[in-house]
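The residues making up each chain are set out below.
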Amino acid sequence: MDWDNDPDWPWRTAAEDSPDELLDLWNGAVERSRQRLADALDGGGPGMLLPPVNGDVGSLRRMLIDLVEEYARHVGHADLIRESVDGLVGEDPPAGFPSPGAGVR
């Protein structure tokens with residue numbers, strides 16, 4: 001991505017994509033992530049060290065903790081937005097709502 005010539009790309013890249021296309025992209029990312037995690041666990045386990053990023057070295061375990069924390073933060077933000085739109089509160093999705101990552105439409 002040429003960020004210098006198109007710095008707003010992340011804000012408009014999916015603007016024309018249908019919900020089905022976006023769900024397919026997300027499900028594909030989930031599948032790739034699960035496979036990469038399985039490969040990493042088979043190749044060294046959660047204590048394995050990862051290649052340095054900006055000079056910092058971390059373990060697979062630490063990366064997974066960071067990912068869970070970040071994902072939870074975004075899910076919480078999305079839940080607040082959803083509550084403001086549909087007025088429903090709580091943890092249970094509406095009846096018939098597809099299970100995330102299951103590839104169900």
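An account of the accompanying structure is given in this report. (Residues numbered from 1 in each chain as written. Predicted model: local features only at pLDDT ≥ 70, side-chain atom pairs only at ≥ 80, totals over all residues. Heavy atoms only, no water.)

**Some points on the overall build of the chain**
Counting its secondary structure elements, the chain contains 3 helices and 0 strands. Going residue by residue from the N terminus, the α and β elements of the chain occur as α-α-α. Judged by the C-alpha coordinates and their principal axes, the chain covers about 45 × 40 × 25 Å. Of all 105 residues assigned to the chain, the portion counted as buried reaches 9%. Taking the intrachain contacts of the chain between residues at least 6 apart in sequence as the baseline, contacts between residues at least 24 apart amount to 27%. Carbon together with sulfur atoms contributes 58% to the accessible area of the chain, which is approximately 8800 Å² in total. Positive and negative side-chain charges in the chain, numbering 9 and 21 respectively, have mean positions lying 6 Å apart. (Helix = DSSP H or I, 4+ residues; strand = E, 2+ residues; numbered from the N terminus. Buried < 20%, exposed > 50% of the residue type's maximum accessible area, 1.4 Å probe, protein only. Contact = heavy atoms within 4.5 Å. Areas by Shrake-Rupley, 256 points an atom, 1.4 Å probe, with all protein chains shown as cover. Lys, Arg positive; Asp, Glu negative; His and termini not counted. Charge placed at Lys NZ, Arg CZ, Asp CG, Glu CD.)

**Concerning the pattern of salt bridges**
According to the stated counting rule, one finds 4 salt bridges in the structure shown. Arg73 serves as the salt-bridge partner of Glu69, at 3.5 Å between the closest nitrogen and oxygen. Separated by 4 residues within a single helix, Glu69 and Arg73 lie in helix H3 (residues 60–86), roughly one turn from each other. Salt-bridge contacts for Arg73 lead to Glu70; the nearest nitrogen and oxygen are separated by 2.7 Å. Of the two residues, Arg73 and Glu70 both sit in helix H3, 3 residues apart, roughly one turn of that helix. Given the relative accessible area of 37%, Arg73 is considered partly exposed. Within the structure, one salt-bridge network assembled from shared partners comprises Glu69, Glu70 and Arg73. (Salt bridge = Lys/Arg side-chain N within 4 Å of Asp/Glu carboxyl O.)

**A word on the side chain of Asp6**
Along the chain, Asp6 falls in the segment before helix H1 (9–12). Of note is the side chain of Asp6, whose polar atom sits 2.3 Å from the side chain of Arg12. Apart from residues no more than four positions distant in its own chain, Asp6 is found in contact with Met1 and Arg12. (Polar contact = N/O pair within 3.5 Å; in protein donor to acceptor, adjacent residues only side chain to side chain.)

**Considering the packing of aromatic side chains**
Summed over all chains, the structure comprises 1 aromatic pair. With centroids separated by 5.8 Å and ring planes inclined at 80°, the aromatic side chains of Trp3 and Trp9 adopt a geometry described as edge-to-face. Note on Trp3: relative accessible area 44%, which makes it partly exposed. A residue is classified by how much of its surface remains accessible, and Trp9, at 31% relative accessible area, is partly exposed. (Phe/Tyr/Trp six-rings, centres within 6.5 Å; stacked < 30°, edge-to-face > 60°.)

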